[in-house]
Amino acid sequence: LRILVGMPACCLVPHASRLALPQQMLEEDAIRFDTFLKENDKKAHEAIKKAEKETKLKQDKVQEIKKLNQAIQVVQSDMSKHKEALEDCLKYKQFLDSLTPREFVEDQKLKKKERQATRRQERIDARIAAWEASKKRLAEEWAAKEQADIEALIKAGKSKKAAKAAGSRPPPKMPARPKVDEEPLTSSGQELDMYFTEPRQLLDIFTQLEEQNLFLIQNSQETEQALEVLRQDFSETQKNMDGKTWALNENIDELKVQIDEEEAKAQQLSKSIQISSGDLQGRQDDLLKRLHRKVSSVYQQCGFDASGGTPNTLFMLSELEARLEDLLTSIDKMPVEYVKKAENMKEVKRREKKRAQQQADQDRIQEERNRKSNERSMQPPKKRTGRQVMFRSAPIRRTIEEEKDNENQEDLDELKYLT
């Protein structure tokens, strides 16, 4: 200021302009600062609004999550209920399937196969139709292009014959015929129809089962009564057999004396056979040994005790003959119905044993066939040479009738032997 006071008036104008410039800059800074403060306040206000909006959205999301969790719990509870109901329904279905007649199941399976075959044929027809349409379309396109080329050449000034010769095209490559033989059978996922459609059907089945149970109960009671009668008959028969056994024990001494006499005769006969037969002695001894073993086996199976020593063949045969006569006498004294029933039971057992033996033989033969088949499959393939052998029809087999004839013949032989 001192400088300005001491200056002349002509020099004060530039200094005033110099002071106005910083003042203008200060005003502009103040304006910019106010603008900054306003923008900052505006941004702060917008940030607060945005935070409030985000908070509200978060609360809405939390409420929505809670609602969804509640809905999930409700769905899970419904699923558990439906799962239990499904398990019960599956159990009932399994129970009903076990009661369904086998013929109905086979019929439904046959119908399902027919439906599958029908769907397969429809797919095959559709593929064949598409193939034929594709061939027709390619042929038409080829003919149209060839005709267009010929017309273009004719317009260009060529003759019709030359245009046909120049515009002819090779036929297009047609698509191959689809392999319909490889078309598989597909399932529609449809369950088989149920046999039970009304509750009355189950009630009818239960009624039939109840009647069968009553019939079985009656049969069991009758069987128990027959068993009691058999027990009484068995006790009486056992008493009779004990008396006959005592009588047989008294005859043992007499039979021993006869055995000694027969043994002496047998020794004399063996000596005479040795003198007369010569070289045939070995074979006869072998036959006698085998006969002795067979008679001894039958002797033991009939209940005789052979542990005290080795009885003679003639002795065993005499005891077996005596036992057979006693048994035949006892059978004559028994009731006719009881004897027939026992004979039928023995016949049934014999047939079952024979059937089991035949089954075992068939199993053994089948195992042998399987073994040979496995051996043939393991062998290297044989390369056939020459002309192929023509197939000829095999003769008709009659194995079933032959087996029945053999079985009847065996039954007649056994009856002839027993009578």
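Quick caveat, the model's predicted, so the values are computed rather than measured.

**Quick notes on the overall build of the chain**
Part 1: The helix and strand tally for the chain stands at nine helices and zero strands.
Part 2: Per-residue burial for the chain yields a buried fraction of 8% across its 419 residues.
Part 3: Nonlocal contacts in the chain, meaning residues at least 24 apart in sequence, comprise 64% of its contacts between residues at least 6 apart.
Part 4: Roughly 37,000 Å² of accessible area belongs to the chain as shown, and the carbon and sulfur atoms make up 56% of that amount.

**Structural notes on the confidence of the model for the chain**
Part 1: When pLDDT is averaged along the chain, the result is 78; 80% of the residues meet or exceed 70.
Part 2: Within the chain, helix α8 (residues 336–378) carries the highest mean pLDDT (87), whereas helix α1 (residues 2–6) carries the lowest (43).
Part 3: Segment residues 1–13 is flagged for pLDDT under 50; beyond a separation of four residues in sequence, or across chains, it makes three contacts in the model.

**Concerning the pattern of salt bridges**
Part 1: Counted by the stated rule, this structure contains ten salt bridges.
Part 2: Salt-bridge contacts for Glu228 lead to Arg231; the nearest nitrogen and oxygen are separated by 4.0 Å. Of the two residues, Glu228 and Arg231 both sit in helix α5 (residues 199–277), three residues apart, roughly one turn of that helix.
Part 3: By relative accessible area, Arg231 is classed as exposed at 52%.
Part 4: The closest approach of N and O atoms between Arg371 and Glu368, which form a salt bridge, is 2.1 Å. In this pair, Arg371 and Glu368 are both assigned in helix α8, three residues apart and thus about one turn of the helix distant.
Part 5: Taken together, the salt bridges that share partners define one network made up of Glu347, Arg350 and Arg351.

Criteria and thresholds
Residues numbered from 1 in each chain as written. Predicted model: local features only at pLDDT ≥ 70, side-chain atom pairs only at ≥ 80, totals over all residues. Heavy atoms only, no water. Helix = DSSP H or I, 4+ residues; strand = E, 2+ residues; numbered from the N terminus. Buried < 20%, exposed > 50% of the residue type's maximum accessible area, 1.4 Å probe, protein only. Contact = heavy atoms within 4.5 Å. Areas by Shrake-Rupley, 256 points an atom, 1.4 Å probe, with all protein chains shown as cover. pLDDT = per-residue confidence, 0-100. Salt bridge = Lys/Arg side-chain N within 4 Å of Asp/Glu carboxyl O.

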